[in-house]
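These are the residues of each chain, in order.
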Amino acid sequence: MKITFLSCLSSHCGIGRYTEELAAAVNSKDSHIQLFRKNPGKETYVHAFPHRSFRNLKHVVAPYYLKKTLQTTDSEVWHADNIDAFTALLWSGKGKSKRKVVTIHDAIPLLYPHTSWLNTKVFRYQIKKAAEYADNIVTVSHTSKKDLIEKVGIKDEKIKVAYNGISHKTLFPLEKKPKHARFNIRYIGGLGAVHKNATALIEIARILKAENFEFDLEIGSGNADRTVLPDLVKKYKLEKNVHFRGFIPDTQLRQFLGEADVFLYPSLYEGFGFPPLEAMACGTAVISSDTGSLAEILQKGAILCPPTPETMAQAVINLAEKPNLKTRLENEAVENAAQFSWEKTAEEMFQIYQL
């Protein structure tokens, strides 16, 4: 079976990583595959397409450049990792009589619309075309499936759920957690998007300080200076407690996640939720909001609560005061993460490709 993966992104973002991991897992099944995306890779099946970047128009410009590249290739199965890549396939005309699959990870742009009316309009156009012309739509949780049915009107039978995987070769527990002088809280994830609720991290820190709780909060995400978070830290005089670590490269991810006493995730909505599950794979207990797909994915190894600073701050204090609970959650976290692998995702995708 010849399978072609399409992406309008690079491997350095969440959806781009999804495509890279899935393609590698499918490739191990003796299929002939190719992957088109923005950046090259070490695998021979990865092809970088020439492109120019227009930040505010990327969902239109990237499909245009990908479309041009697809004119010289063909495939039995086309799998687009998002609706923009599926748009490129439609524009190319290459998938008319072939099997077409698109992954729609979530309905976040409909639940939390873009501030740009143009981006919202493009998203609605692209998702409508994907719903109409794809043979199957894959999504990454039953929560996302429900949202796509309710918000987009896609028929139930057209949507298949295949959970994301975790790279257990690179993410696994440390031999021994370090002992921190103060309770160590860590976070990785977006900072600017509304649904990430990142300002809650600083509000939680403010409450913890007011409770005379000894802690360090380490935020491992890039571009903090483009958000209000540093200003909030100064406003609440939290400079000795809150530390911006910048982007955490993959080579340091296991250490960053595995050394934490707890991973804190106040997101308002996730279609799947990679960061808390990756923290679990590294043997770290999680305190997470109970919204979106998070309650579905984080069934063990986590304290789930409403995403308000007060409830999450109290959960942190309770966990710190109960070492037996912390140890139990750490063990359960590893068990929970073990249920998710890219090999399992690939097996489920093969069944969808063959429908």
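In what follows, the structure referred to is the one given above.
For clarity, every value in this text was computed on a predicted model and none was experimentally measured.

Rules and cut-offs
Residues numbered from 1 in each chain as written. Predicted model: local features only at pLDDT ≥ 70, side-chain atom pairs only at ≥ 80, totals over all residues. Heavy atoms only, no water. Axes fitted to C-alpha atoms, helices over the stretch in contact; angles between N-to-C directions. Helix = DSSP H or I, 4+ residues; strand = E, 2+ residues; numbered from the N terminus. Parallel < 35°, antiparallel > 145°, perpendicular 65-115°, else oblique. Left-handed = near helix turned anticlockwise from the far one by under 90°. Contact = heavy atoms within 4.5 Å. Nonpolar A, V, L, I, M, F, W, Y, C, P; charged D, E, K, R; others polar. 1 Å grid on protein atoms, 1.4 Å probe; cavity = no way out; pocket = protein on both sides within 12 Å on 5 of 7 lines; lining within 4 Å. Points joined across faces, edges and corners; volume = space filled by probe spheres on them. Expected span 1.5 Å × (residues − 1). Buried < 20%, exposed > 50% of the residue type's maximum accessible area, 1.4 Å probe, protein only. Arc of directions from axis to C-beta.

J.: Looking at this structure, how should I read the packing of helix H10 (residues 274-281) against helix H13 (residues 323-337)?
T.: When two helices pack together, their arrangement is given by the angle between their axes and by how far apart the axes lie. Taken N-terminus to C-terminus, the directions of H10 and H13 make an angle of 115°; their axes are 7 Å apart at the nearest point. Looking at the two axes, H10 sits roughly perpendicular to H13. Like other packed secondary-structure pairs, H10 and H13 cross with a definite hand, here left-handed. Residue-level contacts link Leu-277, Met-280 and Ala-281 of H10 to Ala-333, Val-334, Asn-336 and Ala-337 of H13. For the contact of H10 with H13, a count of residues per class yields six nonpolar, one polar and no charged.

J.: Just checking my understanding: could you explain the layout of surface pockets for this structure?
T.: To find leftover empty space, one rolls a probe the size of a water molecule over the atoms. If you add up the space inside the second largest pocket, you get close to 160 Å³. For the second largest pocket, the full set of lining residues is Tyr-163, Asn-164, Glu-296, Ile-297, Gln-299, Asn-336, Gln-339, Phe-340, Ser-341, Lys-344, Thr-345 and Glu-348. Secondary structure elements with two or more residues in the lining of the second largest pocket: helix H11 (294-297) and helix H14 (342-353). With three residues, H14 is the largest single contributor of residues to the lining of the second largest pocket. The residue makeup of the lining of the second largest pocket, split by class, is three nonpolar, six polar and three charged.

J.: When you look at H14 in this model, what are you seeing that I'm missing?
T.: Spacing of three or four residues puts side chains on the same side of an α-helix, whose turn is 3.6 residues. For H14, built from 12 residues, the straight-helix expectation of 16 Å at 1.5 Å per residue is met to within 8% by its first-to-last C-alpha distance of 16 Å. Of all the residues in H14, the buried ones are Trp-342, Thr-345, Ala-346, Met-349, Phe-350, Ile-352 and Tyr-353. Buried residues of H14 fall within an arc of 155° about the axis and therefore sit on the same side.

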